[in-house]
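Chain and residue survey
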Amino acid sequence: MYRLLSLTRGVEERLETLFKQGHVVGGLYRSLGQEATAVGCGYALRGDDWLAPSIRDLGALLARGIHPRDVLRQYLARGTSLCEGKDNTNHFTVPSLGLLGPISPLGGASRTGASHEGLAMAAALNLPIVVVLQHNRWSFGTRSTSQAAVEDWSDVAGAYGVPAVGVDGNDVLQVYDAAVQAVARARAGDGMTIVVAETYRMLGHAQHDSQKHVPTEELAEWEARDPIQGFERYLIEFGFESQSSVEEIRAEVDALLDAAVDEVLTEPYPQGIEARVGAYAEPEPEAEVPWTRRPIVGYAGNMAAGPSRATRVGESG
């Protein structure tokens, strides 16, 4: 777990450097301060489970077996990336690892109508899933208290009729224990569980966000609760690791990431023509074309006349 935590932060630190050097294509959305939630949950899964991550769940991807090289390739839009340069971040699906690619959760991952409908349906159908709500206090520049009038986000689960458990999202062991129990409940056929991880996003929404709206004292409070430093102190204090052994782990991670960065920087961008390859599935020869793909009667003729001459409803022609 400590290695995965260090690996998560190390990958993002190198991505930040690469972003500043102009190598990253698109934005960079770090999970600084939230690594323990992702790692603890990802570590609780087994081979035949599926993970549907959100934007800051790099630690869970690494726990499921994604190599740091593949993460770097995504952000650097290399032709060798899992999306072959067509998309970046963690927008990919890898069935062999049980990874279901996300889309950008505009409006907040749990604050949209679709999320409420999905949770209500999953509860009603008694589906074997675990929903992890990362309460990181901010949605871009908006506080969570401005989006919902609840003091304890575990209370949200009551609206769906499923159990919820609140954990310290900066304590990887607490997250892991809660995730293991929730996953066991799902496997036993007892339905959905919501795990609410109380954590904090210690950087802005993305690399371009200066986070000036966050009070200095609030940020300092959560920096003192850094999940990696806290776990390191725990391991050393209770004799699971020594200072030298954790330093060896960090050195191993640094060497791995240095090699990965050097390798990916030598890899090419995709050729332009490849943007059209693997984007759409070819239909079966005898398959019926769905009505959504058929030409609209009369539409082509109107458009051929030009936008200014297209017939509108109510006109005589």
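Scroll up to find the structure this text is about.
Below is a summary of the structure that appears in this document. (Residues numbered from 1 in each chain as written. Predicted model: local features only at pLDDT ≥ 70, side-chain atom pairs only at ≥ 80, totals over all residues. Heavy atoms only, no water.)

Regarding empty space enclosed by the protein
Unoccupied space between atoms shows up once a probe the size of one water molecule is rolled over them. Evaluation of the coordinates by the stated rule reveals 1 cavity of 30 Å³ or more. Lining the largest cavity are Glu 12, Leu 15, Tyr 29, Ile 55, Asp 57, Leu 58, Leu 61, Val 71, Tyr 75, Thr 89, Asn 90 and Phe 92. When contributions to the lining of the largest cavity are tallied by element, the ones reaching two or more residues are helix 1 (2-20), helix 3 (58-64) and helix 4 (68-75). (1 Å grid on protein atoms, 1.4 Å probe; cavity = no way out; pocket = protein on both sides within 12 Å on 5 of 7 lines; lining within 4 Å. Points joined across faces, edges and corners; volume = space filled by probe spheres on them. Helix = DSSP H or I, 4+ residues; strand = E, 2+ residues; numbered from the N terminus.)

Let's talk about the environment of Thr 8
One can find Thr 8 in helix 1. The sequence separation of Thr 8 and Met 202 amounts to 194 residues, and the corresponding C-alpha distance is 15 Å. With residues up to four places along the chain from it excluded, the contact list for Thr 8 reads Ser 31, Glu 35, Val 39, Leu 58, Gly 59 and Leu 62. (Contact = heavy atoms within 4.5 Å.)

What to know about the layout of surface pockets
In this structure, the second largest pocket occupies an estimated 150 Å³ of space. Together, Ser 6, Arg 9, Gly 10, Glu 13, Arg 14, Ile 228, Arg 250, Val 253 and Asp 254 line the second largest pocket. Elements that contribute at least two residues to the lining of the second largest pocket include exactly helix 1 and helix 9 (243-265). Ranked by residue count, the leading element in the lining of the second largest pocket is helix 1, at 5 residues. Classifying every residue of the lining of the second largest pocket gives 2 nonpolar, 2 polar and 5 charged. (Nonpolar A, V, L, I, M, F, W, Y, C, P; charged D, E, K, R; others polar.)

Focus on the packing of helix 1 against helix 4
Remark: helix 1 packs on helix 4, axes separated minimally by 11 Å, with the N-to-C direction vectors making an angle of 30 degrees. Comparing the axis directions of helix 1 and helix 4 gives the class roughly parallel. Handedness of the helix 1/helix 4 crossing: right-handed. Across from Leu 7, Val 11, Leu 15 and Leu 18 in helix 1, the residues of helix 4 making contact are Pro 68, Val 71, Leu 72 and Tyr 75. Looking at the contact of helix 1 with helix 4, its residues break down into 8 nonpolar, no polar and no charged. (Axes fitted to C-alpha atoms, helices over the stretch in contact; angles between N-to-C directions. Parallel < 35°, antiparallel > 145°, perpendicular 65-115°, else oblique. Left-handed = near helix turned anticlockwise from the far one by under 90°.)

A few points about unusual backbone geometry
With a phi close to 55 degrees, Glu 84 is a non-glycine residue in the positive phi region. Of note, Glu 84 is situated in the loop between helix 4 and helix 5 (113-124). Residues other than glycine seldom take positive phi values, yet Asn 126 does so here, at roughly 55 degrees. Of note, Asn 126 is situated in the loop between helix 5 and strand 1 (130-135). Residue class for Asn 126 comes out partly exposed when judged on its relative accessible area of 41%. (Buried < 20%, exposed > 50% of the residue type's maximum accessible area, 1.4 Å probe, protein only.)

Concerning the nonpolar core
A general trend in soluble globular proteins is that nonpolar side chains are found buried together. Of all hydrophobic cores here, the largest spans 38 residues; its most connected members are Leu 15 and Val 71. The set of elements that each furnish at least two residues to this core consists of helix 1, helix 2 (35-43), helix 3, helix 4, helix 8 (227-237) and helix 9. In this structure Leu 15 touches Val 24, Leu 28, Val 71, Leu 72, Tyr 75 and Leu 76, once residues within four positions along its chain are discounted. The next biggest cluster of nonpolar side chains, apart from the first, holds 13 residues, and it includes Ala 122, Ala 148, Tyr 160 and Ile 194. (Core = buried A, V, L, I, M, F, W, Y, C linked by side-chain atoms within 4.5 Å.)

Details of the packing of aromatic side chains
Each pair of aromatic rings is reported with the distance of its centres and the angle of its planes. Counting across every chain of the model gives 5 aromatic pairs. Ring geometry for Tyr 234 and Phe 240: centres 5.7 Å apart, planes at 25 degrees, overall stacked. By relative accessible area, Phe 240 is classed as exposed at 52%. Taken together, the ring pairs in this structure connect Phe 231, Tyr 234, Phe 238 and Phe 240 into an aromatic cluster. Over the ring of Tyr 269 we find Arg 78; its NZ or CZ atom is 4.3 Å from the centre of that ring. We note Arg 225 situated over the ring of Trp 222; from NZ or CZ to the ring centre the distance is 4.1 Å. (Phe/Tyr/Trp six-rings, centres within 6.5 Å; stacked < 30°, edge-to-face > 60°. Lys NZ or Arg CZ within 6 Å of the ring centre and 35° of its normal.)

Regarding the pattern of salt bridges
All chains considered together, the criterion is met by 19 salt bridges. Across the pair Asp 226 and Arg 9 runs a salt bridge whose closest N-O atoms are separated by 2.8 Å. Of this pair, Asp 226 sits in the loop between helix 7 (216-223) and helix 8 while Arg 9 sits in helix 1, and the two are 217 residues apart along the sequence. With respect to burial, Asp 226 and Arg 9 carry one shared label: buried. Between Arg 143 and Glu 218 there is a salt bridge; the shortest N-O distance is 2.7 Å. (Salt bridge = Lys/Arg side-chain N within 4 Å of Asp/Glu carboxyl O.)

A look at the pairing of strand 4 (residues 164-168)
The sheet contact formed by strand 4 and strand 5 (residues 193-198) spans 5 bridges and is parallel. Across the sheet, Val 165 pairs through a bridge with Val 195, a residue of strand 5. Handedness of the β-α-β unit built from strand 4, helix 6 (residues 172-187) and strand 5 comes out right-handed. (Pairing = 2+ DSSP bridges. Right-handed = clockwise from strand over helix to strand, strands pointing away.)

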